[in-house]
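Here's the letter readout for the chains.
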Amino acid sequence: MSVTTAPPPAPETSARFNPITPISRALTWLVSRYLPDPLIFAIILTVLTFGFAWWLTPSGPVDLVRMWGNGFWNLLAFSMQMALVLVTGHALASSEPVRNVMGRVASIARTPAQGVMLVCFAAAVTNVVNWGFGLVVGAMFAREVARRVPKSDYRLLIASAYIGFMTWHGGFSASVPLVAATKGNPMEKTVGLIPISDTIFTTYNVGITLALIVVLPLICWMMHPKPHEVVAVDPALLKPEPSTKRVLGPDASPAEKLEESRILGFVVAALGIGYLFLHFQAKGFDLNINTVNLIMLVAGLILHGTPMAYARAVANAARGTAGIMVQFPFYAGIQIMMEHSGLGGLITNLFVDIANKETFPVLAFLSSGLINFAVPSGGGHWVVQGPFIMPAAQQLGVDLGKAAMAIAYGEEWMNMAQPFWALPALAIAGLGVRDIMGYCATALVITLPIFLIGLYF
């Protein structure tokens, strides 16, 4: 625990009552006592998935051990991508120009309650643009608001940044609708391609996403504690990172001058800009995790000035990648057990079998939320649930785009109870999962009607 506070009090009635206060207090108290560290959470999920797959599917223990071991390293490339999301985003945000911009924007907030609203709104909007960018910048911006606004509740600021992540699957980097529209995806032979005009650019998706952008900051505002309950941040967490610039003396060696050469940094940046120009020229506005990482790397190089200044910023950022490196392999093993044993399909079918044309999107959404505990990945959801959800939707005459978005919404919604994607934000913030998940779980409960109404009507 990196914030200076006593454990949260047990639920009680607040004098400044609003409908969200008792929910927030109760869930924060519950999470602080019973939610384990994310690594323990992943291990427990591994054991539960193994047990249920053994019990409910034809797979035996030897088969499941083999599945788990074969899948354990399947997310190595993805783990590296996520580590780079954190590192390049952190390095970019630590540059002096970006810190100055975030400081000016953060100064808009005059009170702690305005601060959490501003952080959540900024995170929600940037996650619509791209989830990787929004996830990192939201946490960095929350730290800046904490510096600028005295008496801010640091836990809620970081939670607000993560709560804004709930908009990502309605935006331009949404993995399920983008994969569903891509040739060669696992469901193309079954249901064909689903254009993004039937998913991302639909009236209901725009409505749900805009509703979240408006409602989420209000939820964060209503969750803000009374002054005597505010959790003060450890000042060490908000201390600006040391400058990465190095001033060379007149006796600097040729090697040192080469290391601090701006020319080399700009050469690499020019190569990156050239590639990005060709990429967008050929594929349009195609933002994916690799292009975002390259954009942040190029921008970081330019703003830090020299290769070694940027390397020092990366070294400062890399300390926060431990959780990603250790935990992602466990989720890779869980995903393979869910997929290959048929347990994921079994869970999905429990919902699908009781659905009709009107209720199908809602039940698909709820099944996706349940699956997200074991497979916290949009692309993974499409692999695990697509073969069951999409043919059933086709058979019932349900709009295929809405069926695909139901899978996507369930994943983004249940992220508020699944700490997997909170790891980058927590690493940047220097907090633990118990510090924020009570607030996130409150947002999970309050936003449920938005998804249900959007999907049903």
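As the structure is a computational prediction, the values presented were derived from the model and not from experiment. (Residues numbered from 1 in each chain as written. Predicted model: local features only at pLDDT ≥ 70, side-chain atom pairs only at ≥ 80, totals over all residues. Heavy atoms only, no water.)

Enquirer: Just to check I follow, could you spell out the side chain of threonine 306 for this structure?
Expert: As for its position among the elements, threonine 306 is in the loop between α15 (289-304) and α16 (307-318). Other than its neighbours up to four places away in sequence, threonine 306 contacts Glu259, Glu260, Ser261, Arg262 and Leu301. (Helix = DSSP H or I, 4+ residues; strand = E, 2+ residues; numbered from the N terminus. Contact = heavy atoms within 4.5 Å.)

Enquirer: Even after reading the chapter, I still don't get the state of the cysteines, so can you show me in this structure?
Expert: One way to say it: the disulfide is the covalent bond shared by the sulfur atoms of two cysteines. Overall, the coordinates contain zero disulfides when judged by the stated rule. For cysteine 440, which is in no disulfide, the shortest distance to another cysteine sulfur is to cysteine 220 and amounts to 8.4 Å. (Disulfide = S-S within 2.5 Å.)

Enquirer: So what exactly am I meant to see when it comes to the UniProt feature "transmembrane region" (unreviewed entry) in the protein chain here?
Expert: Residues annotated by UniProt as "transmembrane region" (unreviewed entry) correspond here to residues 39-56, 68-93, 113-142, 154-180, 200-221, 263-282, 294-315 and 436-456. For residues 113-142, the helix share is 97%, the strand share is 0%, and the end-to-end C-alpha distance is 13 Å. Helix makes up 59% of residues 154-180 and strand 0%, with an end-to-end C-alpha separation of 39 Å. (UniProt positions renumbered as here; feature names shortened; annotations may be inferred.)

Enquirer: Hey, could you run me through the nonpolar core in this one?
Expert: Inside soluble globular proteins, nonpolar side chains tend to come together where they are buried. Judged by nonpolar contacts, the single largest core of 116 residues is most densely connected at Tyr162, Ile163, Phe360, Trp382, Met390, Trp421 and Ile436. Take this core: its biggest share by element is ten residues, from helix α21 (residues 400-414). With near-sequence residues (within four places) excluded, tryptophan 421 lies in contact with Phe78, Met82, Trp131, Leu135, Tyr162, Phe165, Pro376, Ser377, Glu411 and Asn415. (Core = buried A, V, L, I, M, F, W, Y, C linked by side-chain atoms within 4.5 Å. Buried < 20%, exposed > 50% of the residue type's maximum accessible area, 1.4 Å probe, protein only.)

Enquirer: Even after reading the chapter, I still don't get the packing of aromatic side chains, so can you show me in this structure?
Expert: Remark: the centre distance and the inter-plane angle together describe each pair of aromatic rings, the angle taken between the planes. Taken as a whole and assessed by the stated rule, the structure comprises 16 aromatic pairs. Ring geometry for phenylalanine 72 and tryptophan 73: centres 4.8 Å apart, planes at 85°, overall edge-to-face. Tryptophan 73 gets classed as exposed once you look at its relative accessible area, which sits at 53%. Between the aromatic rings of phenylalanine 165 and tryptophan 421, the centroid separation amounts to 6.3 Å while the plane-to-plane angle is 55°, which identifies the pairing as tilted. Here phenylalanine 165 is found in the loop between α8 (154-163) and α9 (175-180), whereas its partner tryptophan 421 is found in the loop between α21 and α22 (423-429), with 256 residues between them in sequence. Here the two residues phenylalanine 165 and tryptophan 421 agree in accessibility, since each one is buried. Among the aromatic residues, those joined into a cluster by ring pairs are Trp131, Tyr162, Phe165, Trp168, Phe328 and Trp421. Over the ring of tyrosine 204 we find lysine 402, and its NZ or CZ is 4.9 Å from the ring centre. (Phe/Tyr/Trp six-rings, centres within 6.5 Å; stacked < 30°, edge-to-face > 60°. Lys NZ or Arg CZ within 6 Å of the ring centre and 35° of its normal.)

Enquirer: Teacher, can you tell me more about helix α7 (residues 131-148) here?
Expert: Because an α-helix packs 3.6 residues into every turn, residues spaced three or four apart end up facing the same way. For α7, which comprises 18 residues, the first-to-last C-alpha distance of 25 Å matches the rise-based estimate of 26 Å (1.5 Å per residue) to within 8%. Most of α7 sits out of view: 14 of its 18 residues are buried. (Expected span 1.5 Å × (residues − 1).)

Enquirer: When you look at the pattern of salt bridges in this model, what are you seeing that I'm missing?
Expert: Opposite charge on two side chains permits them to pair, given that their charged atoms come into close proximity. One pass over the structure, following the stated rule, counts five salt bridges. Taking the shortest distance from any N to any O, the salt bridge between arginine 147 and glutamate 144 comes out at 2.8 Å. Taken together, the residues arginine 147 and glutamate 144, both in helix α7 and three residues apart, mark about one turn of the helix. (Salt bridge = Lys/Arg side-chain N within 4 Å of Asp/Glu carboxyl O.)

Enquirer: Whenever I open this one, α16 confuses me. Can you help?
Expert: In a regular helix each residue adds 1.5 Å, so twelve residues correspond to 16 Å; α16 covers 16 Å between its end C-alpha atoms and thus fits that length. Along α16, the positions that sit buried rather than exposed are Ala309, Tyr310, Ala313, Asn316 and Ala317. Buried residues of α16, seen end-on, are gathered within an arc of 115° and therefore sit on one face of the element. (Arc of directions from axis to C-beta.)

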